[in-house]
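In case you want the letters, here they are:
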Amino acid sequence: MTYNRKAIMTAAWEIVRKANVALYGFRVIMRRALKAAWANAKHERAMEARQAKQAKASPEVVRIQDEIAVLESKTHWEQPDYARIGVLRAALRAAQEHAAAAPDYAAKRDLIASAGGRFCAVTFTKADGTERTMQVQPATLQRHVKGDAATEAGKRAVQTRKARHPHLLPVWDAKARAPRSVNLATISRIAVDGIVHEYRA
């Protein structure tokens, strides 16, 4: 990591010019000015690094990080704050894990979508730990989704769900004849067009 030393020295001299050199002495003022200028430069670099990192992060990761930053900046914590920070940190870890797995999720989504109007067998582990194989029909789901006809609140709800639960894929359960969700993170097998694709969940 490199710094613009000329800019730091210029900032230090600006502080010196505004200080009372006669009262404290030039060396003392310059030492304090350099310390302050370096601190400002490091802070700016840290902010730039944080912004660059956030630009690469998913919207959900950024949202949780911002909530944590607001909570950590409070001068006084109450009992609910201690519980909230634990929940937020756990949510951040989960969101970061999902963000790291995004390419894998995309590949699974594309594979399932490739079935179109045909059937596709998806084996995954449910939230209760049980394994389930679901016969899905991707094209059928589209006929049951409102899309542009949905209300603005409905559209926002869909976007929020996608952001907060990127591992959940809405599908049409052919057996139940109803929309369901598949956990992309726990898929162990996808069978489509006579080809079986296996994954380590």
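Described in the following lines is the structure provided in the data block. (Residues numbered from 1 in each chain as written. Predicted model: local features only at pLDDT ≥ 70, side-chain atom pairs only at ≥ 80, totals over all residues. Heavy atoms only, no water.)

What follows concerns the overall build of the chain. Summing up its helical and strand segments, the chain has 8 helices and 6 strands in all. Along its sequence from the N terminus, the chain presents helices and strands in the succession α-α-α-α-α-α-β-β-α-α-β-β-β-β. Out of the 201 residues in the chain, the part that is buried amounts to 27%. When contacts within the chain are restricted to residue pairs at least 6 apart in sequence, long-range pairs at least 24 apart make up 48% of them. Per element, the accessible surface of the chain, about 13800 Å² overall, is 55% carbon and sulfur. (Helix = DSSP H or I, 4+ residues; strand = E, 2+ residues; numbered from the N terminus. Buried < 20%, exposed > 50% of the residue type's maximum accessible area, 1.4 Å probe, protein only. Contact = heavy atoms within 4.5 Å. Areas by Shrake-Rupley, 256 points an atom, 1.4 Å probe, with all protein chains shown as cover.)

A separate point is the nonpolar core. Soluble globular proteins: nonpolar side chains tend toward being buried together. Ile 112, Cys 120, Val 122, Val 136, Val 182, Ile 187 and Ile 190 are the most contacted members of the largest nonpolar core, which has 17 residues in total. Of all the secondary structure elements, the ones that give two or more residues to this core are α6 (102-113), β1 (120-125), β2 (131-136), β3 (168-173) and β5 (187-192). Among residues more than four places away in sequence, those in contact with Ile 190 are Lys 108, Leu 111, Ile 112, Cys 120, Ala 121, Val 122, Ile 195, Val 196, His 197 and Tyr 199. (Core = buried A, V, L, I, M, F, W, Y, C linked by side-chain atoms within 4.5 Å.)

This part is about the pattern of salt bridges. Applying the stated criterion to the full structure yields 9 salt bridges. Where Arg 17 meets Glu 14, a salt bridge forms, and the shortest distance between an N and an O atom there is 2.8 Å. Here Glu 14 and Arg 17 lie together in helix α1 (residues 5-18), a separation of 3 residues that amounts to about one turn. By relative accessible area, which is 56% here, Arg 17 ends up exposed. Classification of Glu 14 as partly exposed rests on a relative accessible area of 34%. A salt bridge links Arg 132 to Asp 173; its shortest N-O distance comes to 2.6 Å. Here Asp 173 lies in strand β3 and Arg 132 lies in strand β2, a separation of 41 residues in the sequence. On the basis of relative accessible area, Asp 173 is assigned to the buried category, the value being 1%. (Salt bridge = Lys/Arg side-chain N within 4 Å of Asp/Glu carboxyl O.)

Geometry only, nothing functional implied.
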